[in-house]
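These are the residues of each chain, in order.
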Amino acid sequence: WRSKKAVYESFEFLDSIGVGASIAEIVSSKFGGAADAFAQAVKENPYAVVEKSGSVLTFPHADRIAARLGFLPHDERRIREGVVYAANSLANSTG
């Protein structure tokens, strides 16, 4: 029962910050199928989750999540991931 409660609470938290159940389920599989591990990773650094999620979550998703969690716009992690996102976007658009 406790593990089911932890999963429910994790999905509830993720939903409250804008990560729907289907995305949470897909990305949780990248964390060994553990929704609580995914939720904890998001709380610690939503930008780090982008890389691990493959193409499921993007920088704009992480940025909205981070804002909801109170991360500041000038957070070093945001700037670093934003530069990576911009460089990848440019590289993909120019072929």
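Engineer: What's the story with the packing of aromatic side chains in this structure? I'm lost.
Structural biologist: The geometry of an aromatic ring pair is captured by the separation of the ring centres together with the interplanar angle, meaning the angle of the planes. Applying the stated criterion to the full structure yields four aromatic pairs. Centroid distance phenylalanine 31 to phenylalanine 38: 5.5 Å. Interplanar angle 40°. Geometry classified as tilted. Phenylalanine 38 carries the same exposure label as phenylalanine 31, and that label is buried. Considering the side-chain rings of tyrosine 47 and phenylalanine 71, the 6.4 Å spacing of their centres and the 85° angle between planes classify their relative orientation as edge-to-face. With a gap of 24 residues between them, tyrosine 47 in helix α4 (residues 46–52) and phenylalanine 71 in the loop between α5 (59–69) and α6 (76–94) connect regions that are remote in the sequence. Residue classification places tyrosine 47 among the buried residues on the basis of a relative accessible area of 2%. The rings of Tyr47, Phe59, Phe71 and Tyr85 are connected pair by pair, giving a single aromatic cluster. Its guanidinium or amino end placed over the ring of phenylalanine 13, lysine 43 lies 4.7 Å from that ring's centre, counting from NZ or CZ. Of note, lysine 52 hangs over the ring of phenylalanine 31, and the distance from its end group to the ring centre comes to 4.5 Å.

Reading the values: rules and limits
Residues numbered from 1 in each chain as written. Predicted model: local features only at pLDDT ≥ 70, side-chain atom pairs only at ≥ 80, totals over all residues. Heavy atoms only, no water. Phe/Tyr/Trp six-rings, centres within 6.5 Å; stacked < 30°, edge-to-face > 60°. Buried < 20%, exposed > 50% of the residue type's maximum accessible area, 1.4 Å probe, protein only. Helix = DSSP H or I, 4+ residues; strand = E, 2+ residues; numbered from the N terminus. Lys NZ or Arg CZ within 6 Å of the ring centre and 35° of its normal.

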